[in-house]
Amino acid sequence: QVQFVDSGGGLVQPGGSLRLSCTASTSITRIYALGWYRQAPGKQRELVAAITSGGGRTNYADSVKGRFTISRDNAKNIVYLQMNSLKPEDTAAYYCNAADWGPIVVAKGSWGQGTQVTVSS
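Below is a summary of the structure that appears in this document. This structure is a prediction, so every number in the text was calculated from the model and none was measured.

What follows is about the sheet that holds strand β8 (residues 78-83). As summarised here, the arrangement of the four strands in space is β1-β3-β8-β7, forming an open sheet in which the pairing is antiparallel. Both outer strands of the open sheet, β1 (4-7) and β7 (68-73), are each paired with one neighbouring strand and no more. Taking each pair of neighbouring strands and ignoring which way they run, the sheet shows an average axis angle of 15°. Where β7 and β8 come together, six bridges link them in antiparallel fashion. Bridging across to β8, R72 finds its partner in V79.

Structure below.
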């Protein structure tokens, strides 16, 4: 089963940017959909963004549309999340995972350790 290692988080001021990376233990070429999720303290894990194979289709949470961009590099087995114009409410632990694509993109497989993003002045 593929495993994911999330990285790139940190402390950033409001309005700043970060790029998260998720490196898979095996090829992601045959994984149709991949998603980034986040979980803030006391809240449920939620989908942030998802992307299909080849990057043909994407899905974003309304709260991040226009600010975040998901991409994937199948040759390197990496999924990226470029986050711009960060807000304090983006503070959370971020995770990537394979997903089932549909009206609701549902994560499947094992979760990695996540990477913490803290947006604060």
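A few words on the nonpolar core. Counting 30 residues, the largest nonpolar core has F4, W36, L81, M83 and Y94 as its most contacted members. Membership of the second largest hydrophobic core comes to six residues, among which are A33, Y37, L47 and A50.

Calculation notes
Residues numbered from 1 in each chain as written. Predicted model: local features only at pLDDT ≥ 70, side-chain atom pairs only at ≥ 80, totals over all residues. Heavy atoms only, no water. Pairing = 2+ DSSP bridges. Helix = DSSP H or I, 4+ residues; strand = E, 2+ residues; numbered from the N terminus. Axes fitted to C-alpha atoms, helices over the stretch in contact; angles between N-to-C directions. Core = buried A, V, L, I, M, F, W, Y, C linked by side-chain atoms within 4.5 Å. Buried < 20%, exposed > 50% of the residue type's maximum accessible area, 1.4 Å probe, protein only.

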